[in-house]
Amino acid sequence: MEKYETHVHDVIVIGAGGAGLRAAIEASAQGASVGLVCKSLLGKAHTVMAEGGIAAALANVDVKDNWQVHFRDTMKGGKMLNNWRMAQIHAQEAPDRVKELEMWGALFDRTNDGRIMQRAFGGHSWKRLCHVGDRTGLEMIRTLQEKGIHSGMDVYMECTITHLLKDGERIAGAFGYWRESGRFVVFKSKSVVLATGGIGKAYKITSNSWEYTGDGHALAYEAGAELIDMEFVQFHPTGMVWPPSVKGILVTEAVRGEGGILTNSKGERFMERYDPQKMELSTRDVVARSIYTEVKEGRGSPHGGAFLDISHKGPEYIKRKLPSMYHQFMEFADIDITKGPMEVGPTTHYMMGGVRVQAENGASTVPGLFAAGEVAGGMHGANRLGGNSLSDLLVFGRRAGLGAAQYANEINGDSLKINEDELEQAAREMLRPFENAHGENPYTVHSTLQDVMQNYFGVFRIDEGLKHGINELEKLKERASHLKIEGTRLYNPGWHLCRDLKSMLIISEAIAKSALQRQESRGAHSRVDYPNTDDYKWGKVNSVITKDGESMRIGVSPLPEMPEELKRIIAEDK
Ligand SMILES: Cc1cc2nc3c(=O)[nH]c(=O)nc-3n(C[C@H](O)[C@H](O)[C@H](O)COP(=O)(O)OP(=O)(O)OC[C@H]3O[C@@H](n4cnc5c(N)ncnc54)[C@H](O)[C@@H]3O)c2cc1C
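Residues numbered from 1 in each chain as written. Predicted model: local features only at pLDDT ≥ 70, side-chain atom pairs only at ≥ 80, totals over all residues. Heavy atoms only, no water.

*Asks:* Can you walk me through the packing of helix 5 (residues 215-222) against helix 15 (residues 493-517) in this structure?
*Replies:* Put simply, helix 5 and helix 15 touch, their axes get as near as 8 Å, and they point 75° apart. Judged by the angle between their axes, helix 5 and helix 15 are roughly perpendicular. Packed against helix 5, whose contacting residues are Asp215, His217, Ala218, Leu219, Tyr221 and Glu222, the element helix 15 presents Arg499, Asp500, Lys502, Ser503, Ile506 and Ile507 at the interface. Of the residues assigned to the contact of helix 5 with helix 15, the class counts are five nonpolar, two polar and five charged. (Axes fitted to C-alpha atoms, helices over the stretch in contact; angles between N-to-C directions. Helix = DSSP H or I, 4+ residues; strand = E, 2+ residues; numbered from the N terminus. Parallel < 35°, antiparallel > 145°, perpendicular 65-115°, else oblique. Contact = heavy atoms within 4.5 Å. Nonpolar A, V, L, I, M, F, W, Y, C, P; charged D, E, K, R; others polar.)

*Asks:* Can you walk me through the side chain of histidine 46 in this structure?
*Replies:* Looking at where histidine 46 falls in the secondary structure, it is placed in the loop between strand 2 (34-37) and strand 3 (54-55). If near-sequence neighbours (up to four positions away) are discounted, histidine 46 is found in contact with Ser207, Asn208, Ser209 and Tyr212.

*Asks:* So what exactly am I meant to see when it comes to the state of the cysteines here?
*Replies:* As used here, a disulfide is simply a covalent bond connecting the sulfur atoms of two cysteines. Here the structure, examined in full by the defined rule, presents zero disulfides. Cysteine 38 takes part in no disulfide bond, and the closest cysteine sulfur, belonging to cysteine 159, lies 8.5 Å away. (Disulfide = S-S within 2.5 Å.)

*Asks:* Looking at this model, I keep getting lost on the packing of helix 1 (residues 18-29) against helix 11 (residues 388-410). Mind explaining?
*Replies:* When two helices pack together, you describe them by how their axes are tilted relative to each other and by the distance separating the axes. Direction vectors running N to C along helix 1 and helix 11 enclose 40°, while the axes themselves pass 7 Å from each other. In terms of axis orientation, helix 1 runs oblique to helix 11. The hand of the helix 1/helix 11 crossing is right-handed. Along the contact surface, helix 1 presents Gly18, Ala19, Arg22, Ala23, Glu26 and Ala27, while helix 11 presents Leu393, Leu394, Gly397, Arg398, Gly401, Leu402 and Ala405. Split by residue class, the contact of helix 1 with helix 11 holds seven nonpolar, three polar and three charged. (Left-handed = near helix turned anticlockwise from the far one by under 90°.)

*Asks:* In this structure, what is going on with unusual backbone geometry? I would like to understand it.
*Replies:* Trans peptide bonds make up the majority, and among non-glycine residues the majority have a negative phi. Residue proline 243 follows tryptophan 242 across a cis peptide bond; omega there is -5°. Looking at where proline 243 falls in the secondary structure, it is placed in the loop between strand 11 (233-240) and helix 6 (254-257). Look at aspartate 229: it is not a glycine, yet its phi comes out positive at around 60°. Along the polypeptide, aspartate 229 turns up in the loop between strand 10 (227-228) and strand 11.

*Asks:* Would you explain the packing of aromatic side chains in this entry?
*Replies:* Aromatic ring pairs are defined here through the distance separating the ring centres and the angle between the ring planes. Counted under the stated rule, the structure contains 13 aromatic pairs. For the pair phenylalanine 434 and tryptophan 495, a centre-to-centre distance of 5.4 Å together with 50° between the ring planes defines the contact as tilted. Of the two residues, phenylalanine 434 sits in helix 12 (residues 420-435) while tryptophan 495 sits in helix 15, which places them 61 residues apart along the sequence. The class for phenylalanine 434 is partly exposed, based on a relative accessible area of 25%. (Phe/Tyr/Trp six-rings, centres within 6.5 Å; stacked < 30°, edge-to-face > 60°. Buried < 20%, exposed > 50% of the residue type's maximum accessible area, 1.4 Å probe, protein only.)

*Asks:* Quick question: what am I supposed to make of the side chain of histidine 70 here?
*Replies:* With respect to the helices, strands and loops of the structure, histidine 70 is situated in helix 2 (residues 67-77). On the basis of relative accessible area, histidine 70 is assigned to the buried category, the value being 0%. Sequence-distant contacts of histidine 70, that is, excluding residues within four places in its chain, are made with Ala55, Ala56, Ala57, Asp65, His90, Ala91, His124, Arg128 and Asn388.

*Asks:* Could you clarify how one ought to interpret the site of the ligand in this entry?
*Replies:* Taken together, 40 residues are adjacent to the ligand, and His46, Thr47, Gly52, Glu211 and Asp215 come closest. Within the side chain of threonine 47, one N or O atom sits 2.5 Å away from an oxygen atom of the ligand. In the model, an oxygen atom of the ligand is placed 3.2 Å from a nitrogen or oxygen of the tyrosine 212 side chain. Out of a free accessible area of 1000 Å², the ligand has 99% covered by protein chains. Among the secondary structure elements, those contributing two or more residues to the shell around the ligand are helix 1, strand 7 (159-167), strand 14 (342-351) and helix 11. (Near = heavy atom within 4 Å. Polar contact = N/O pair within 3.5 Å; in protein donor to acceptor, adjacent residues only side chain to side chain. Areas by Shrake-Rupley, 256 points an atom, 1.4 Å probe, with all protein chains shown as cover.)

*Asks:* Honestly, the sheet that holds strand 12 (residues 261-263) in this entry has me stumped. Any pointers?
*Replies:* Whenever strands of a sheet pair, they do so through backbone hydrogen bonds, lying parallel or antiparallel. The strand order 11-14-13-12 describes an open sheet built from four strands, whose pairing is antiparallel. In this open sheet, the two strands that pair with only one neighbour each are strand 11 and strand 12. Taking each pair of neighbouring strands and ignoring which way they run, the sheet shows an average axis angle of 45°. Of the pairings in the sheet, the one linking strand 13 (residues 306-309) to strand 14 comprises three bridges and is antiparallel in character. Bridged to leucine 308 within strand 14 is methionine 342. (Pairing = 2+ DSSP bridges.)

All quantities given are derived from atomic positions and should not be read as evidence of function.
Encoded structure:
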């Protein structure tokens, strides 16, 4: 181990978005020595891109709101596949986490009487999203970062973790490399919190940035943890569709929350056909399918989407409530959204599936390994409601940090051993692309992977497409086993992509196998050949992915039984 630069901590948190920062703050508060590792610069995580808001039943605008309604909305939005205990804790604790954020310095938009302002969002019964214009994530990260760096943790930036280290069955640390120098680094720790975010870069059209290659999902899988619900990939209904260079960039749901109207090429307000009650504020899975169907049936906008218009609200209102959207369309598409409609279409946005964790403390099925945020599964079931991610990060980031610190406190760290052979193997695997005399270009493999995922595992899925896609993934796995890279280890993005590809191929296979297994349509998973929701068979189980030697095993596990008092809440009306 002396061979590599080594850092020793009680708790290592991998990922510095909302979940990672909140976990690190909590673990530090418990007295643990914490190392926070992130692939990019601190403050550049995905969370910073969040726009519309944080869902919490504060009841500042709609006084009838409470945790019970938030819980019911979340479960119904998730088509009852959510881990009910997570949904309950989330709804109960989100208001305190938002108030805490405010206490730490976050400046939210205000109601006239000075309370935190809340806006409407799809699937939420009441105005529930606490926001800062359409730049909520920026304020959240700014606040957590300030709090975090004064909490005494060590931050390791531009450092990619490629392997979790184990001592027997237990976690013993993590192995990675500095992106700038390419040098390897070892973190020895009693527990690890994964907070690595999503998987969007496995798809061609996505709202996600370069960082979201499913690393945490893959690290957990390789370490023996269970992944659940991997078939549920959220396609946000409104991404930009034009010009091609910005295809997929998000158009926040806040546009619809603030009164935006969707129409097709015939000028029809088509949501009347698909969800006449909720219209544009239907859940994301429904709106995405609706736009997709309109386009497929020949009623799309010129660039293959739908029209979204907010101009009736007037320039002053739009520039105040949706400043980023105004600038985004002005700069990227030369369109003034205060004067006319935007063109929008579905974009890969969020991963509902992830590491199976315990609701109370974020513990995975591997001792010492915890997970929180987008990398964790269970909270959102088959479909996430907008705004429920930022609140999830705060609620379960805190709980995972607490759980990891308590675990670290209970075990004797001196007895943890790093296995030298495991380290050498991790290093050898990383260096292989430099040694292959002939091989594939990682960029070509990545581009093909994105096409396969987009074409066969997108908004609508069908048996023959899924099987064909799985065959294509097998070929890509083979091609990716002999990647070749030029140059040195000094800041070499092609080399970094070789490792990212491994993660993306693992999560793509998990998505594919889970999607093939679930023979029904539910939430974000729409099967053309099984268009109905089958509560009797599939409403009672989560899909489970585990590593079995060199193969990926797919199975199901029963949903835990919901207590009677929560069933009553679900059965009540608004
Ligand atoms: C454009 C956009 C707008 C959104 N708007 C909203 C909204 O309004 N409300 C809402 O609730 N949700 C919203 N979401 C979703 C929400 O932002 C994300 O789900 C959430 O921020 C994920 O947070 P996280 O902490 O789990 O991970 P992230 O914020 O994604 O952070 C992941 C961290 O992990 C690090 N990392 C990844 N892999 C590695 C590795 N191998 N080694 C080391 N570090 C690694 C990254 O560097 C990063 O620091 C939006 C998403 C997008 C893309």
